[in-house]
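Fold and geometry: a report
Below, each chain spelled out in residue letters.
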Amino acid sequence: MKIRSLFIAIFLFLGSSVYAQSYYEMLCYISIGLDKFEFKTFLLINGDGTGKMRLHVDKKPTIECTIKQNFYSDKDNKTDYTKMYYKATNFKYVEGDINSKVVADLPPFITFWFKINPQTNEFEPWAFMTINAEKGHEGEDLQGVISSIRLLESKDFTPELILTYFIEDEDIYKNLFVSNIRTVPAELKASRMFLLTVADTEDENIGPDCDTDRKKQQAYFKKIADKLGIEIIITELVGKDLSKTNLLNKINAIQPARNDIVIFHYSGHGYSKADNRQYPYLDLRYDKDIPVKNGDELNMEEIYEMI
């Protein structure tokens, strides 16, 4: 399970203000006595580990809740970074005859667990836990199974998928499938889109993938600019030109006006430090045999503030 961004602006439907979002669909089931209950979930996961989730069970009202990422800690309070879970809380109904105030029969929380596969070094579904409400077993832990999970791409957002979890009156459906205003206001026609792509194409392990990312992003945002009928100005920093100095020069060369759009895309290595920064540092060395120095890095927050 890799956290990747899906650059579709209209999917800011839940009011989030974070920088990157990913979308997943999970299929789960749980057995209570002789009964087996299956349900589907639609997850929106932000880059900071928070998010929203909708749960759908046939012929039942859809349920919405908030989720937050955590890592497992043992009895000595040592964190095990090979085991991750998303805790779902604040459940409410979002459609049908049952209004959002009726929440008494919903669970207090659900946790969806993932663990590292040592072969792929990726998180994979493990199980989910909730509290048993069955008479005679109230308050006991109840374990279910995550049978599948998939990262949703733009091609997966069909009317059938969206209407499984949302209704036609919601913004996500209307923005995707209902034709409304298709023209850009006249005062915005003079807007420009600035796209700066930075890619570590010299890295012997990920260089080719970084180059592919660069090309995909340039093609993707050019398509958006063409749809909007505005000019796009693309600059890039790749190969042996990769450095902090060159990146600062590229950023400073962008001189946007009030209604212009500025997009920064980085594909390469990054790392975190114990300095309370929420987002990672970008490794701006084209030669990874050179030791990391302060002059070879920029934090994403610094770039965001500059832009």
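In what follows, the accompanying structure is described. (Residues numbered from 1 in each chain as written. Predicted model: local features only at pLDDT ≥ 70, side-chain atom pairs only at ≥ 80, totals over all residues. Heavy atoms only, no water.)

We now examine the overall build of the chain. A count of helices and strands for the chain gives five helices and 14 strands. Residues classed as buried in the chain amount to 35% of the 307 residues present. (Helix = DSSP H or I, 4+ residues; strand = E, 2+ residues; numbered from the N terminus. Buried < 20%, exposed > 50% of the residue type's maximum accessible area, 1.4 Å probe, protein only.)

Okay, helix 3 (residues 207-228) next. In a regular helix each residue adds 1.5 Å, so 22 residues correspond to 32 Å; helix 3 covers 32 Å between its end C-alpha atoms and thus fits that length. All of the buried residues in helix 3 are Gly 207, Cys 210, Arg 214, Gln 217, Gln 218, Phe 221 and Ala 225. In an axial view of helix 3, the angular spread of the buried residues amounts to 100°, which keeps them on one side of the axis. With respect to the buried face of helix 3, the exposed residues turned more than 90 degrees away are Pro 208, Asp 209, Lys 216, Lys 223 and Lys 227. Packing partners of the buried residues in helix 3 comprise strand 9 (192-199), strand 10 (231-238) and strand 11 (261-267). One or two residues past the end of helix 3 sits Gly 229, with phi positive at roughly 75°. (Expected span 1.5 Å × (residues − 1). Arc of directions from axis to C-beta. Contact = heavy atoms within 4.5 Å.)

Here we take up the sheet that holds strand 14 (residues 297-299). Strands pair in a sheet through their backbones, by hydrogen bonds, and they do so in one of two ways: parallel or antiparallel. Strand order in this open sheet of three strands is 12-13-14, and the pairing throughout is antiparallel. Only two strands of the sheet have a single partner each, and these edge strands are strand 12 (270-271) and strand 14. Pairing between strand 12 and strand 13 (residues 281-283): two bridges, direction antiparallel. In the strand pairing of strand 13, Gly 270 is matched with Leu 282. (Pairing = 2+ DSSP bridges.)

We now examine the packing of aromatic side chains. Under the counting rule described, the total for this entry stands at 16 aromatic pairs. Considering the side-chain rings of Phe 42 and Tyr 165, the 5.5 Å spacing of their centres and the 45° angle between planes classify their relative orientation as tilted. Placement of Phe 42 in strand 2 (residues 35-46) and of Tyr 165 in helix 1 (residues 159-165) is noted, with a sequence separation of 123 residues between them. An identical accessibility class is assigned to Phe 42 and Tyr 165; each is buried. Here the aromatic rings of Phe 71 and Phe 123 are separated by 6.3 Å at their centres, their planes lie at 50°, and the arrangement is tilted. Here the residue Phe 71 occupies a position in strand 4 (residues 63-73), and Phe 123 occupies one in strand 7 (residues 122-131), the gap between them amounting to 52 residues. The class of Phe 123 is buried, set by a relative accessible area of 14%. Put simply, the rings of Tyr 23, Phe 42, Phe 157, Tyr 165 and Phe 166 pair up and form one aromatic cluster. In this arrangement the basic side chain of Lys 83 is found over the ring face of Tyr 72, its NZ or CZ atom lying 5.2 Å from the centre. The ring centre of Tyr 281 lies 4.6 Å from the NZ or CZ of Lys 273, which sits over that ring. (Phe/Tyr/Trp six-rings, centres within 6.5 Å; stacked < 30°, edge-to-face > 60°. Lys NZ or Arg CZ within 6 Å of the ring centre and 35° of its normal.)

Turning to the nonpolar core, a few remarks are in order. Core analysis: the biggest nonpolar cluster contains 24 residues, and Met 53, Leu 55, Ala 88, Phe 112 and Phe 128 have the highest contact counts within it. Listed by contribution, the elements that provide at least two residues to this core are strand 1 (21-32), strand 2, strand 3 (50-56), strand 4, strand 5 (79-93), strand 6 (110-117), strand 7 and strand 8 (141-151). (Core = buried A, V, L, I, M, F, W, Y, C linked by side-chain atoms within 4.5 Å.)

As for its placement among the helices and strands, Asn 299 is situated in strand 14. A distance of 2.8 Å separates a polar atom in the side chain of Asn 299 from the backbone oxygen of Tyr 279. A polar atom in the side chain of Asn 299 sits 3.4 Å from the backbone oxygen of Pro 280. In this view, Asn 299 contacts Arg 277, Tyr 279, Pro 280 and Tyr 281; residues no more than four positions away in its chain are not counted. (Polar contact = N/O pair within 3.5 Å; in protein donor to acceptor, adjacent residues only side chain to side chain.)

The three strands are arranged 10-9-11 in an open sheet whose pairing can be described as parallel. The open sheet has two free edges, formed respectively by strand 10 and strand 11, since each of these has just one partner strand. Going across the sheet, the axis of each strand differs from the next one's by a mean of 15°, ignoring polarity. Where helix 3 meets the sheet, its contacts fall on strand 9, strand 10 and strand 11, and the angle it forms with strand 9 comes to roughly 175°. (Axes fitted to C-alpha atoms, helices over the stretch in contact; angles between N-to-C directions.)

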